[in-house]
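# Coordinate inspection notes
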Amino acid sequence: MKPVLRRFLVTAAIVSALGVLAVGWIASAFLFSPCEYTLMRERVSPSDRYVAEIYSASCGISGSRSVVMLRDRSALRLARVDETPPGTVVANDFTAAGVGEDLIWDGETTLVLQYSSAQAPRVTSTEWGGVRIEARRAP
């Protein structure tokens, strides 16, 4: 192989590798920015066994949203490896900011997401650990 061709191929390989690294870094910085969670409201079940929490999630350029987490109170309250709050997501887009909106325990085994807006919260799970999750319009 001629020295000029070899030098060109090595330079092209180095520039290509640097380009791939730069694109990967930029993509990870903008697409996979972690969310910052802020506890907005917390409701404990009547027997103190379960905790339902509403978190506001600010995700940088991806926007913001809210999530309802449900967890067993005896479990450790440590954030997970992906930095999400402890527990299981049972609903999205529920802030309980409107008049009459709230998390309500209807007995020990039913968590009610009471809403007054035109659109019901997106319930991602209708049951978790023996607790039924329902969305009801506020009276």
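Each chain carries its own residue numbering, running from 1 in the direction its sequence is written. In keeping with the predicted nature of the model, local features appear solely for residues at pLDDT of at least 70, side-chain atom pairs appear and are counted solely at 80 or more, and the whole-chain, interface and lining totals rest on all residues. With hydrogens and water excluded, all non-hydrogen atoms of the structure serve as input to the side-chain values.

## Overview of a nonpolar patch on the surface
A contiguous nonpolar surface patch, about 400 Å² in accessible area, is contributed by V10, I14, L18 and L21. Secondary structure is summarised from DSSP: a helix means a run of H or I of at least four residues, a strand means a run of E of at least two, and numbering begins at the N terminus for each. Mapped onto the fold, L21 is located in helix α1 (residues 3-31). Residues enter patches when they are more than 30% accessible in relative terms and free of salt bridges; like-charged ones are connected within 9 Å and nonpolar ones (Val, Leu, Ile, Met, Phe, Trp, Tyr) within 5 Å. Using a 1.4 Å probe, the Shrake-Rupley method yields the accessible areas, and only the shown protein chains count as cover for residues. For this analysis, a salt bridge means a side-chain nitrogen from Lys or Arg found within 4 Å of a carboxyl oxygen belonging to Asp or Glu.

## Comments concerning the nonpolar core
In this structure, V68, L70, F94, L103, W105, L111 and L113 are the most contacted members of the largest nonpolar core, which totals 16 residues. Secondary structure elements with two or more residues in this core: β2 (50-58), β3 (64-72), β4 (88-92), β5 (102-105), β6 (110-115) and β9 (131-137). In contact with W105, other than residues within four places in its own chain, are R43, V44, S45, P46, Y50, A52, L70, T110, L111 and V131. What makes a nonpolar core is a set of buried Ala, Val, Leu, Ile, Met, Phe, Trp, Tyr and Cys residues whose side-chain atoms join them at distances within 4.5 Å. Accessible area is worked out with a 1.4 Å probe on protein chains only. A residue is then buried under 20% of its type maximum, exposed over 50%, and partly exposed in between. If you look at the next biggest cluster of nonpolar residues, it comprises six residues, including Y37, A57, V67 and M69. Pairs of residues are marked as contacts when any of their non-hydrogen atoms sit within 4.5 Å.

## With respect to unusual backbone geometry
Here the phi dihedral of D48 falls at roughly 65 degrees; this positive angle occurs in a residue that is not glycine. Relative to the helices and strands, D48 is located in the loop between β1 (36-44) and β2. Given a relative accessible area of 48%, D48 falls into the partly exposed group. Even without being glycine, D93 reaches a positive phi, approximately 60 degrees.

## Notes on the sheet that holds strand β7 (residues 122-123)
At least two DSSP bridges between two strands are needed for those strands to be called paired. Strands sit in the order β1-β2-β3-β4-β7 across an open sheet of five strands; the sheet is antiparallel. Every interior strand has two partners, whereas the edge strands, β1 and β7, have only one. Alignment of β2 against β3, held across nine bridges, turns out to be antiparallel. Residue pairing across strands places S58 opposite S64, the latter belonging to β3.

## Details of the packing of aromatic side chains
Two aromatic rings from Phe, Tyr or Trp, using only the six-membered ring of Trp, form a pair when their centres are within 6.5 Å; if the ring planes differ by under 30 degrees the pair is stacked, by over 60 it is edge-to-face, and anything between is tilted. Across all of its chains, the model carries three aromatic pairs by this definition. Where Y37 meets Y55, the ring centres are 6.5 Å apart and the plane angle is 85 degrees; that geometry is what we call edge-to-face. Highlighted residues: Y37 in strand β1 and Y55 in strand β2, separated in sequence by 18 residues. Each of the two residues, Y37 as well as Y55, counts as buried. Considering the side-chain rings of Y50 and W105, the 6.2 Å spacing of their centres and the 20 degrees angle between planes classify their relative orientation as stacked. Taken together, the residues Y50 in strand β2 and W105 in strand β5 connect sequence positions 55 residues apart. With respect to burial, Y50 and W105 carry one shared label: buried. Three or more aromatic residues joined by ring pairs form one cluster here, namely Y50, W105 and W128.

## Description of the confidence of the model for the protein chain
As a per-residue measure, pLDDT reflects the predictor's confidence and takes values from 0 up to 100. Averaged over all residues, the pLDDT of the protein chain equals 82, while 87% of them reach at least 70. Per-element confidence in the protein chain ranges from a low mean pLDDT of 81 for α1 to a high of 90 for β6.

## Describing the sheet that holds strand β8 (residues 127-128)
Read from one edge to the other, the open sheet built from four strands follows the order β5-β6-β9-β8, with strand pairing classed as mixed. The sheet terminates laterally at β5 and β8, the two strands that pair on one side only. Judged from the four bridges that link them, β5 and β6 form a sheet pairing that is antiparallel. Directly across from D102, in β6, lies its bridge partner Q114.

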